Amino acid sequence: GIRRKSRVQAKVEKLSVADALRAIRFAECVVVLIDASLPIERQDLALCDLVAGEGRAVVLALSKWDLVEEKQKKLKEVMSDLEDVLPEIRGVPVVTLSAKQERGIDKLLETVFKALERWNRRIPTSQVNRWLEGAIARNPPPAPSGRRIKIRYATQANARPPTFAIFGNQLSKMPESYTRYLMNGLRQDFDLPGVPIRFSLRGGKNPFDKDR
């Protein structure tokens, strides 16, 4: 009986995950709701990473906030764990809720609309390239095997989520650490916290060069 029950539970859990993934793929912004009155595991926060992996904006909501005694300490711990668990989508917005006190819903909706605006944002090519020049000047790309990676040009290829095409030479050899440097710079300078950012690395010259 115990074995049969465990199989049924496993099947139910599998169906539940499948339903959640299906819902995420049809969403634009996903609110990950976690009971703040219970110990929060990093595995719970990893749900935000799943949402970002599907290219959706994400907001973390902590429910039953009225039951949390050391509120500032709890919030600080959650924010710190988020930074560790989700380095690819820094700045995930966190909202506290209390159904009992009827608090937080207005703030949650405001945060969701802001996340959607960032998810849909388009940045002019001129601004992207001015930013890129400064980022490269502050921290030039590495030189694997003695040949420096050259980044010539960038443009936003798409939104929902923000996706940037980067043109240059040897981009396939660009280390993850430098890619993350560029992503974090874009996120900070263009106000894109909690939004997944995509890069499309492309070889060759600037396609908008006049002499091409």
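Figured I'd write up the structure that's included with this text.

Criteria and thresholds
Each chain has its residues counted from 1, running along the sequence as written. Where local features are concerned, this predicted model is filtered to residues with pLDDT of at least 70; where side-chain atom pairs are given and counted, the filter is 80 or more; whole-chain, interface and lining totals use all residues. Derived side-chain values reflect all non-hydrogen atoms in the structure, with water molecules and hydrogen atoms excluded from consideration. The criterion for strand pairing is that DSSP finds at least two bridges linking the strands in question. Strands here mean DSSP runs of E at least two residues long; helices mean DSSP runs of H or I at least four residues long; both are numbered from the N terminus. What counts as an axis is a line fitted to C-alpha atoms, over the stretch in contact for a helix, and the angles between N-to-C directions run from 0 to 180 degrees. Contacts are assigned to residue pairs that have any heavy atoms within 4.5 Å of one another. Under the scheme applied here, a residue whose accessible area is under 20% of the maximum for its type counts as buried, over 50% as exposed, and between as partly exposed, the area being computed with a 1.4 Å probe on protein chains only. A clockwise path from the first strand over the helix to the second, with the strands pointing away from the viewer, defines a right-handed crossover.

## A look at the sheet that holds strand β6 (residues 198–203)
Consideration 1: The strand order across the open sheet built from three strands is β4-β5-β6, with neighbouring strands paired in mixed fashion. Each end of this open sheet is capped by a strand with a single partner; those strands are β4 (150–158) and β6. Strand-to-strand twist of the sheet, defined as the mean angle between neighbouring strand axes without regard to direction, takes the value 25 degrees.
Consideration 2: With respect to the sheet, helix α5 (residues 125–138) is in contact with β4 and β5 (163–169), its orientation differing from that of β4 by roughly 145 degrees.
Consideration 3: Together, β4, β5 and β6 form the strand contacts of helix α6 (residues 176–189), whose direction differs from that of β6 by roughly 125 degrees.

## Structural notes on the pairing of strand β2 (residues 57–63)
Consideration 1: Among the seven residues that make up β2, seven are buried, leaving the element largely enclosed by the rest of the structure.
Consideration 2: Residues A57, V59, A61 and S63 of β2 are buried on one face, and the alternating residues V58, L60 and L62, pointing to the opposite face, are buried as well.
Consideration 3: As judged from the seven bridges shared by strand β1 (residues 29–35) and β2, these two strands associate in the parallel manner. Its bridge partner being in β2, V32 is matched across the sheet by L60.
Consideration 4: What joins β1 to β2 is helix α2 (residues 42–53), and the crossover it makes is right-handed.
Consideration 5: Judged from the three bridges that link them, β2 and strand β3 (residues 94–96) form a sheet pairing that is parallel. In the strand pairing of β3, L60 is matched with V94.
Consideration 6: Between β2 and its parallel partner β3, the chain crosses via helix α3 (residues 71–85), and the hand of that crossover is right-handed.

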